[in-house]
Amino acid sequence: MPDTPTLAPGAPPTDLTNCDREPIHIPGAIQSHGCLIACDESLKTILRASQNAASFLGQQGVQLVGQKLDAVLGERAAHDIRNCAAGSAAPSTPGLLFNFIFDESRAAFDLAAHRYKGNTIIEFERSPAQKRGTPLDLVRTLVGAVTACKDTKTLLQRTPRLLSSALGYDRVMIYQFSHDGAGKVVSEVKRSDLEGFLGQYFPGSDIPQQARRLYLENTIRVISDSSGARETIAPVLDASGEPLDLSFAHLRSVSPIHLEYLRNMGVSASMSISIVVDGALWGLIACHHYSPKTLSMARRAAAEMLGQFFSLQLEALLKKASLESAARARRALDRVMREVAYRGDIAESLRDKLPDFASFMQSDGVGLWIGGIWTGQGAAPPTREIAPLMRFLRDAADGRIWATHELSAHLPAARRYCADAAGLLAIPLSQIPGDYLVFFRREVVQSLDWAGDPNKTYEAGPLGDRLTPRKSFAIWKEMVERQSIPWSEGDRDMAGAARTALLEVIMRHSEILESERQTADVRQKLLNEELNHRVKNILSLIKSLVAQPLEDGRSLEDYVQALKGRIMALAYAHDQVIRSDGGGSLNTLLSAELSPYCGENCHIEGPSLNLDSRAFSVLALVFHELATNAAKYGALSSEAGKLSVTWRVAEDGALHVNWIESGGPPVTPPRRTGFGSVLLNRSIPFDLGGASDIAFDRDGLKARLRIPARFVGASAAAESGHAKQQSKAAAAGDTLQGRKVLLLEDQLVIAIDIETMLSDLGAAHIDTAATAAEALRIIAASRPDVCVLDINLGAGTSFAVADELKKRAIPFVFATGYGDQTSVLSEAENVPVVRKPYTIDALADALKQALDKA
């Protein structure tokens, strides 16, 4: 507990309740190791004197007050003192005379003279008998050692050792003050047998405010003997009724409260030096000695100069460290922002960078609340407390950076978790409150270690045991309960920089999203228009197919079968175009069209190549027409018949396809030109600008087709030139023989068609459902043997039904109109899939796969 004062004569008794009101600058007394006289400003007449002044100056029995200074000290001495006082630029820097001798009959004195409030105050102390070098030598040594300290840690650790060695005190400590005036011992050098105070805290009330103000003006204070006598000054009041102001007197007497505090610790002598940084009291250098000790004025002046230089060095190092810390944080922030700025998901990107945000400032934990989702790291409130805390911040921060070192004072519920989050700094991430980057600090007393002996006892004086280090520490702990280390201006500045950078990134991300959204809207409109165009085209094409008249001699059943085949060919072509991203393989197309009819009597050969979407659709219809005609009337209608399909790419890049039938029934040209003939002869020239040559030779139909080069490209597949196809529909009628089937399909017309196919495949009983809920009820009521599930049900999907079937180990197949690449089919892994529009062969094949796996 540094220096606290005593009251002037006539004032109420001093105790801890009135300490803050004590006028410490007018104590009315000095310490007994020196004497004091006060003269008028011109140093002619002695106006006041300490009661020991006459004897101290060798003037026993002389009444000094009212005497001329020349008469008391001699003209030469008075002249020298006037010159000394004139050299004082300010009360805080008095003029000094060392080893001053009035005459041969008197001892040598050190004296200090300063002018203040119309008085010239002269303080006398006896010069030491032995001199250990001049003050200048001591200052040069100490300043040189302090200058060599290049960081605050080294400066704080080394300075107490320097002072202890130079001045001989048993203990030297450095106190640092916090924002509320509380202090902490941050550095200490002591005699080995003494208890350590390193890390000790004491409350701000231990040093009254008026004492702190005075410490800024008079930067050094000494106590030679905590049990020594006080020498009063007479007269107490001058002619105008004013006491003598001793604000800048080094001999000023000390408060009995502080003297009791020192005696309780066994301290007999002390010295304290103010540490002033940026014009504010940063802390104190406190020296303790365990026997009376009088520090000579010369050495005290050297210590005062060291204190001033120490303050300047500390201020420079603190600013340097602050600038370096800010620069590191700024670089880290820039790096994080560069990495965050162009990520797709800004929230996820910020969460990934949470450990980097933690390095921006001193904190025990950091968290991100964005989009209603909390991500935390380190010390933080429990997860259940986060939402109420964010609601509080919405009102408290109001879109601004908000910080407190005592959260529970604003949010009482925070008392439950103050051990981990007593302090909070919140950075809003949007103009409208809602999203925050939050830093937390633990309760400061959670991390304290008492450095002294826990069993140490201290004497209690008349003012009580409050005046002991441990009791003072306990009072401080009580005062700082539920508080963290405060957030500095540097912390707030860094928070402001982080907020600016984060808002810039978020706004840039929003701009990118808006641009992408607008682009997506335009793309969606184009896709919708293209889809509309394609749907209208395919509907028009189907309409045209349906509108073809029934040929003479053909039954309605033949007409329906032909129409269904052509529509299936178009559907297959469209599916291949979508799945291959704009085209399809000629090899694949021929294999698909000939697979129901070909066996060993088919020869297919040619290079692997691709057709674009337009040519693929046209050739799908042409090959379908050729294949069905061959199967009904041509080479594939008899066992002896042969079919050869070969193709090559000419030098000009055009595709030439030869379709040669032989060995079948005799061929005669059609008596009437029907739709099939028109399709064969005119579609390729009309749609593609190519050529079709169809010859109905008696031994078999021969077709030669030419597709222009612009529709042909190399295939990525390494298919061989020879493909043989086998029918997939073997034993179709036995696939579902006697089985019970559940069909989930939300389109009635399609459902009726599938029911017919399932009956043709031998199903004994078919239950049809239009919704997933209806299907689940059917399954619960009566177990089916196998199921056909349409994936897309319009308002939902059939995946819930699929999950239930898997639980019950019931085989099933998926049906869909989606292509292979769609994300919907990722759910259909390891499940057979049949694509719309259905064929009985494809449905039979998928059901057989599902049943075989069961």
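All values reported here derive from a predicted model rather than from experimental measurement.

Assigned secondary structure in the chain consists of 22 helices and 31 strands. Accessible surface, the chain as shown: approximately 40,300 Å² in total, 51% of it carbon and sulfur.

It is worth spelling out helix 22 (residues 840-853) at this point. With 14 residues, helix 22 extends 20 Å from end C-alpha to end C-alpha; this agrees with the ideal 20 Å at 1.5 Å per step. Listing the buried residues of helix 22 in full gives Leu843, Ala844, Ala846, Leu847, Ala850 and Leu851. Looking down the long axis of helix 22, one finds its buried residues gathered within 165 degrees of arc, a one-sided arrangement. Away from its buried face, by an angle of more than 90 degrees, helix 22 presents the exposed residues Asp852 and Lys853.

Its location among the elements puts Ser253 in the loop between strand 11 (230-234) and helix 7 (256-264). In terms of polar contacts, Ser253 uses its side chain to reach the backbone carbonyl oxygen of Ala29, at 3.2 Å.

Our focus in this paragraph is helix 6 (residues 209-217). If you check which residues of helix 6 are buried, you get Gln210, Ala211, Arg212, Leu214 and Tyr215. Elements that come into contact with the buried residues of helix 6 comprise strand 7 (171-177), strand 10 (220-223), strand 12 (269-277) and strand 13 (280-289).

Moving on, we get to the nonpolar core. Leu611, Phe623, Trp647, Leu655, Trp659 and Ile707 are the most contacted members of the largest nonpolar core, which totals 36 residues. Breaking this core down by element, the ones donating at least two residues are helix 16 (586-594), strand 20 (602-605), strand 21 (609-612), helix 17 (613-632), strand 22 (642-649), strand 23 (655-662), helix 18 (675-688) and strand 25 (700-707). Setting aside its immediate chain neighbours within four residues, Phe623 contacts Leu586, Leu589, Leu590, Glu593, Val657, Trp659 and Leu705. Val172, Ile275, Trp282 and Leu295 belong to the second largest nonpolar core, which has 30 residues in total.

Quick look at the pattern of salt bridges now. Pairing between side chains of opposite charge can happen when their charged atoms approach one another. Tallying each qualifying case throughout the model produces 18 salt bridges. Residue Arg76 is joined to Asp80 by a salt bridge in which the shortest nitrogen-to-oxygen separation is 3.2 Å. Pair noted here: Arg76 and Asp80 are both in helix 3 (residues 75-86), with a separation of four residues, about one helical turn. Looking at Arg76, the relative accessible area reads 48%, which means it is partly exposed. By relative accessible area, Asp80 is classed as partly exposed at 23%. Linking Asp852 and Lys848 is a salt bridge whose minimum nitrogen-to-oxygen distance equals 3.2 Å. In this pair, Asp852 and Lys848 both sit in helix 22, four residues apart, roughly one turn of the helix.

With that settled, the discussion passes to the pairing of strand 15 (residues 373-378). As paired strands, strand 14 (residues 365-370) and strand 15 are joined by six bridges and run antiparallel to one another. Looking across to strand 15, one finds that Gly365 is bridged to Gly378. With antiparallel pairing between neighbouring strands as the criterion, strand 14 and strand 15 make up a hairpin whose turn holds two residues, including Gly371 at a positive phi of roughly 65 degrees.

This part covers unusual backbone geometry. Cis peptide bonds are those with omega within 30 degrees of zero, and the linkage from Ala234 to Pro235 qualifies with -10 degrees. You can see Pro235 is positioned in the loop between strand 11 and helix 7. Positive phi, close to 55 degrees, is recorded for Asp278, a residue that is not glycine. Residue placement: Asp278 occurs in the loop between strand 12 and strand 13.

Now for the packing of helix 20 (residues 772-781) against helix 21 (residues 799-808). Relative to each other, helix 20 and helix 21 sit at 20 degrees, their axes nearing to 9 Å. Classified by the angle between their axes, helix 20 and helix 21 sit roughly parallel to one another. Between helix 20 and helix 21 lies a crossing whose hand is right-handed. On helix 21, the residues touching Ala772, Ala775, Leu776, Ile779 and Ala780 of helix 20 are Ala800, Val801, Glu804, Leu805 and Arg808. Grouping the constituent residues of the contact of helix 20 with helix 21 by class yields eight nonpolar, no polar and two charged.

The pairing of strands in a sheet happens through backbone hydrogen bonds and is either parallel or antiparallel. Taken in spatial order, the six strands line up as 9-8-7-13-12-10 in an open sheet, and their pairing is antiparallel. Edge strands, defined here as strands with exactly one partner in the open sheet, are strand 9 (201-202) and strand 10. Sheet topology note: the strand 12/strand 13 ladder contains nine bridges and is antiparallel. Each residue of the ladder has a partner; that of Val276, found in strand 13, is Leu281. Packed onto the sheet, helix 5 (residues 152-167) meets strand 7, strand 8 (183-190), strand 12 and strand 13 and runs at close to 50 degrees relative to strand 8. Across the sheet, helix 7 touches strand 10, strand 12 and strand 13, and the angle it forms with strand 10 is around 60 degrees.

With that settled, the discussion passes to the sheet that holds strand 14. Spatial strand order, 15-14-18-17-16: five strands in an open sheet with antiparallel pairing. Each edge of the open sheet carries a strand with a single partner, namely strand 15 and strand 16 (402-404). Adjacent strand axes in the sheet meet at a mean angle of 10 degrees, parallel and antiparallel pairs treated alike. Pairing geometry for strand 17 (residues 423-428) and strand 18 (residues 436-441), over six bridges, is antiparallel. Each bridged residue has a counterpart across the sheet, and for Leu425 the counterpart in strand 18 is Phe439.

Relative placement of two packed helices is described by the angle separating their axes and the distance separating the axes. In the contact formed by helix 16 and helix 17, the axes pass within 9 Å of each other and the chain directions differ by 35 degrees. In the crossing of helix 16 with helix 17, the sense of the turn from one axis to the other is right-handed. Together, Leu586, Leu589, Leu590, Glu593 and Leu594 of helix 16 and Phe616, Leu619, Ala620, Phe623, His624 and Ala627 of helix 17 make up the contact between the two elements.

Let's shift gears to the packing of aromatic side chains. Summed over all chains, the structure comprises eight aromatic pairs. Measuring from ring centre to ring centre gives 5.5 Å for Phe392 and Trp402, while their planes differ by 75 degrees; the resulting arrangement is edge-to-face. Residue Phe392 is found in helix 11 (residues 383-397), and its partner Trp402 is found in strand 16; the two are separated by 10 residues along the sequence. For the pair shown, Phe392 and Trp402 are each scored as buried. Site record: aromatic cluster; members linked through ring pairs are Phe56, Phe109 and Phe124. The ring of Tyr169 is capped by Lys293, whose NZ or CZ atom sits 5.3 Å from the centre of that ring. Across from the ring centre of Trp487, 3.8 Å away, lies the NZ or CZ of Arg441, which sits over that ring.

Our focus in this paragraph is the confidence of the model for the chain. When the pLDDT values of the chain are averaged, the result is 79; 77% of them are 70 or greater. Taken as a whole, residues 577-581 scores under 50 in pLDDT and shows nine contacts with residues more than four places along the chain or in a different chain. Contacts from residues 716-732, a stretch scored under 50 in pLDDT, to residues over four places away or in other chains number 30 contacts.

Within the fold, Leu167 resides in helix 5. Along the chain, Leu167 and Arg300 lie 133 residues apart, while their C-alpha atoms are 9.0 Å from each other. Sequence-distant contacts of Leu167, defined by excluding residues within four places in its chain, comprise Leu138, Met271, Lys293, Leu295, Arg299 and Ala303.

Topologically, Gly181 is positioned in the loop between strand 7 and strand 8. For the pair Gly181 and Trp282, spaced 101 residues apart in the sequence, the C-alpha separation amounts to 9.5 Å. Those residues within four positions of Gly181 in sequence are excluded, and the remaining contacts are Gly204 and Arg212.

Analysis parameters
Residues numbered from 1 in each chain as written. Predicted model: local features only at pLDDT ≥ 70, side-chain atom pairs only at ≥ 80, totals over all residues. Heavy atoms only, no water. Helix = DSSP H or I, 4+ residues; strand = E, 2+ residues; numbered from the N terminus. Areas by Shrake-Rupley, 256 points an atom, 1.4 Å probe, with all protein chains shown as cover. Expected span 1.5 Å × (residues − 1). Buried < 20%, exposed > 50% of the residue type's maximum accessible area, 1.4 Å probe, protein only. Arc of directions from axis to C-beta. Polar contact = N/O pair within 3.5 Å; in protein donor to acceptor, adjacent residues only side chain to side chain. Contact = heavy atoms within 4.5 Å. Core = buried A, V, L, I, M, F, W, Y, C linked by side-chain atoms within 4.5 Å. Salt bridge = Lys/Arg side-chain N within 4 Å of Asp/Glu carboxyl O. Pairing = 2+ DSSP bridges. Axes fitted to C-alpha atoms, helices over the stretch in contact; angles between N-to-C directions. Parallel < 35°, antiparallel > 145°, perpendicular 65-115°, else oblique. Left-handed = near helix turned anticlockwise from the far one by under 90°. Nonpolar A, V, L, I, M, F, W, Y, C, P; charged D, E, K, R; others polar. Phe/Tyr/Trp six-rings, centres within 6.5 Å; stacked < 30°, edge-to-face > 60°. Lys NZ or Arg CZ within 6 Å of the ring centre and 35° of its normal. pLDDT = per-residue confidence, 0-100.

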